[in-house]
There are 2 protein chains.
Amino acid sequence: MFQVPTKTQYAIRALVHLVRTKSASVASIAEAEHIPFKYLEAIFGQLKSAGLLIADRGRSGGYRLARAPELILMSEVVKATEGDITPVGCLDDAGFCIVSEACLPRRFWFGLKRTVDAYLESVTLAEIAEPGFLPAPDPSQKESAAAKD
Amino acid sequence: MFQVPTKTQYAIRALVHLVRTKSASVASIAEAEHIPFKYLEAIFGQLKSAGLLIADRGRSGGYRLARAPELILMSEVVKATEGDITPVGCLDDAGFCIVSEACLPRRFWFGLKRTVDAYLESVTLAEIAEPGFLPAPDPSQKESAAAKD
DNA sequence: GCATATTCAGATCAATCAAGTAGGAATTTA
DNA sequence: TAAATTCCTACTTGATTGATCTGAATATGC
Ligand code: FES
Ligand code: FES
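As the structure is a computational prediction, the values presented were derived from the model and not from experiment.

Trainee: Explain the nonpolar core here, please?
Mentor: Soluble globular proteins tend to bury their nonpolar side chains together. Formed by 80 residues in total, the largest nonpolar core has its most connected members in Phe44 of chain A together with Phe44 of chain B. Leave out the neighbours within four places in its chain, and phenylalanine 44 of chain A touches Ala14, Leu18, Val26, Ile29, Leu53 and Tyr63 of chain A.

Trainee: Looking at this model, I keep getting lost on the protein's contact with DNA strand D. Mind explaining?
Mentor: Taken together, 23 residues sit near DNA strand D, with Lys38 of chain A together with Val26, Glu41, Lys48 and Tyr63 of chain B positioned nearest. Taking valine 26 of chain B, its main chain carries an N or O atom lying 2.9 Å from a phosphate oxygen of DNA strand D. In the model, a phosphate oxygen of DNA strand D is placed 2.7 Å from a nitrogen or oxygen of the lysine 48 of chain B side chain. Contributions of two or more residues to the surface near DNA strand D are made by helix 1 (6–20) and helix 3 (37–49) of chain A together with helix 3 (37–49), strand 2 (53–56) and strand 3 (62–65) of chain B.

Trainee: Sorry, what's going on with the sheet that holds strand 2 of chain B here?
Mentor: All names here are of chain B. What the 3 strands build is an open sheet, ordered 1-3-2; its pairing is antiparallel. Of all the strands in the sheet, the pair left with one neighbour each is strand 1 (23–24) and strand 2. Pairing of strand 2 with strand 3, which is carried by 4 bridges, proceeds in the antiparallel orientation. Considered in strand 3, the bridge of leucine 53 is made with leucine 65. Those strands touched by helix 1 (residues 6–20) are strand 1, strand 2 and strand 3, and its axis lies near 85° from that of strand 3.

Trainee: Hey, could you run me through helix 4 (residues 74–81) of chain B in this one?
Mentor: For an α-helix the count is 3.6 residues per turn, leaving residues at separations of three or four pointing the same way. With 6 of 8 residues buried, helix 4 of chain B is to be regarded as a mostly interior element. Taken together, the buried positions of helix 4 of chain B are occupied by Met74, Ser75, Val77, Val78, Ala80 and Thr81 of chain B. For helix 4 of chain B, the elements touching its buried residues are helix 5 (104–122) of chain A together with helix 1, helix 3, helix 5 (104–122) and helix 6 (125–129) of chain B.

Trainee: Can you walk me through the protein's contact with DNA strand C in this structure?
Mentor: What surrounds DNA strand C is a group of 23 residues, the closest being Glu41, Lys48 and Tyr63 of chain A together with Lys38 and Arg59 of chain B. Take the atoms of DNA strand C that sit within 4 Å of the protein: sugar and phosphate atoms are 61% of them. Take tyrosine 10 of chain B: an N or O atom from its side chain is 3.4 Å from a phosphate oxygen of DNA strand C. Going through the elements one at a time, helix 3, strand 1 (53–56) and strand 2 (62–65) of chain A together with helix 1 and helix 3 of chain B are the ones with two or more residues in the surface near DNA strand C. Looking at the surface near DNA strand C, its residues break down into 7 nonpolar, 6 polar and 10 charged.

Trainee: Explain the packing of helix 2 (residues 26–33) of chain A against helix 3 of chain A to me, please; I cannot follow it from the model alone.
Mentor: Axis angle and axis distance: for two packed helices, these are the angle between their axes and the distance between the axes, and together they describe the pair. All names here are of chain A. Interhelical geometry of helix 2 versus helix 3 gives an angle of 120° and a closest axis separation of 9 Å. The angle between helix 2 and helix 3 falls in the class oblique. Considering the relative orientation of helix 2 and helix 3, their crossing is right-handed. Between helix 2 and helix 3, the contacting residues are Val26, Ala27, Ile29 and Ala30 on the first element and Phe37, Leu40, Glu41 and Phe44 on the second. Here the contact of helix 2 with helix 3 is built from residues that sort into 7 nonpolar, no polar and 1 charged.

Trainee: What am I meant to see in unusual backbone geometry here?
Mentor: Of note, histidine 34 of chain A is a non-glycine position whose phi angle comes to about 55°, a positive value. Counting through the fold element by element, histidine 34 of chain A comes out in the loop between helix 2 and helix 3. Histidine 34 of chain A gets classed as exposed once you look at its relative accessible area, which sits at 54%. The phi torsion at serine 60 of chain B lies on the positive side, around 55°, for a residue other than glycine. Looking at the secondary structure, you find serine 60 of chain B in the loop between strand 2 and strand 3.

Criteria and thresholds
- Residues numbered from 1 in each chain as written.
- Chains lettered and ligands numbered in written order.
- Predicted model: local features only at pLDDT ≥ 70, side-chain atom pairs only at ≥ 80, totals over all residues.
- Heavy atoms only, no water.
- Core = buried A, V, L, I, M, F, W, Y, C linked by side-chain atoms within 4.5 Å.
- Buried < 20%, exposed > 50% of the residue type's maximum accessible area, 1.4 Å probe, protein only.
- Contact = heavy atoms within 4.5 Å.
- Near = heavy atom within 4 Å.
- Polar contact = N/O pair within 3.5 Å; in protein donor to acceptor, adjacent residues only side chain to side chain.
- Helix = DSSP H or I, 4+ residues; strand = E, 2+ residues; numbered from the N terminus.
- Pairing = 2+ DSSP bridges.
- Axes fitted to C-alpha atoms, helices over the stretch in contact; angles between N-to-C directions.
- Nonpolar A, V, L, I, M, F, W, Y, C, P; charged D, E, K, R; others polar.
- Parallel < 35°, antiparallel > 145°, perpendicular 65-115°, else oblique.
- Left-handed = near helix turned anticlockwise from the far one by under 90°.

Take a look at the structure:
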């Protein structure tokens with residue numbers, strides 16, 4: 001269920017880039033981060049609409065962060081590129097289930113959503129832009145084990 | 001990034017159904033759970049290949065769980081319907097990044113994957129098939145503003 | 001002023017995937 | 001043997017993703 005769209009990956013890489021260079025044009029970021037220029041342009045439009053970026057138009061213009069990276073939650077970034085993340089459709093409107101009104105699977109999905117939201121809200125842009133960041137303190141990192149089977 | 005496919009939702013609903021009725025045909029489950037018959041047939045093929053279901057062919061046949069529901073993790077169910085969930089593409093092969101080998105966004109995505117995996121592995125099919133299950137003990141259920149401890 | 005570098009806005013397009021359909025073969029039982 | 005089932009393969013359809021194209025609006029430097 002769960003592949004992060006390149007749009008979001010691009011957005012985060014670009015934002016991380018902007019944390020270091022205080023201001024930069026889309027063209028320069030696109031080249032440095034190997035992101036399609038026109039695509040990144042559209043993405044930055046979204047990030048600006050979401051209030052995460054400020055644009056300086058005209059010659060020698062560019063984009064800069066609207067806030068300090070410590071104040072930008074990753075949940076905001078994800079919400080800016082993708083819409084509001086709703087795990088299951090039957091959670092949509094009034095939260096009713098077709099099958100039964102006391103739907104147990106629904107609770108399961110809700111718990112998953114809460115888990116993901118909590119993680120995304122626990123990390124700021126500043127944290128992933130600077131070295132020394134690692135979310136979970138699990139010593140046994142099975143990075144390669146995840147890709148093996 | 002994160003909409004659960006109906007295939008997975010169907011699979012879970014059908015499995016929950018199978019926890020109660022020890023054995024049932026695809027047709028009966030499809031009707032009871034309002035799932036397209038042919039679609040559920042295909043899904044059950046996957047669940048059987050994954051070793052979660054056992055099929056009894058022929059007349060008065062049907063499907064039954066291969067194990068007790070207490071021994072079926074939700075992570076197995078999800079992995080059966082969808083493939084192995086890989087959040088970002090650049091995490092694919094050797095785990096290298098195009099941009100830099102010490103990629104910080106990559107850690108962020110990895111943390112997200114670990115978080116989701118941990119949740120999916122913490123819930124069994126038996127738990128979501130019986131009443132009285134609620135993963136997070138948060139009394140104030142708010143959809144948008146989740147737990148910000 | 002004018003060329004130039006930028007953001008901005010809109011349409012468009014190809015590829016992929018999700019969701020569902022269709023037809024029929026194989027298998028077991030009544 | 002007939003009916004009910006699983007099984008298998010292919011197809012269709014619609015939405016989404018990822019990206020491109022065209023060009024306008026805007027500001028700066030010279
Ligand atoms: S609310 Fe989604 S299956 Fe019940
Ligand atoms: S590994 Fe994905 S952006 Fe670096």
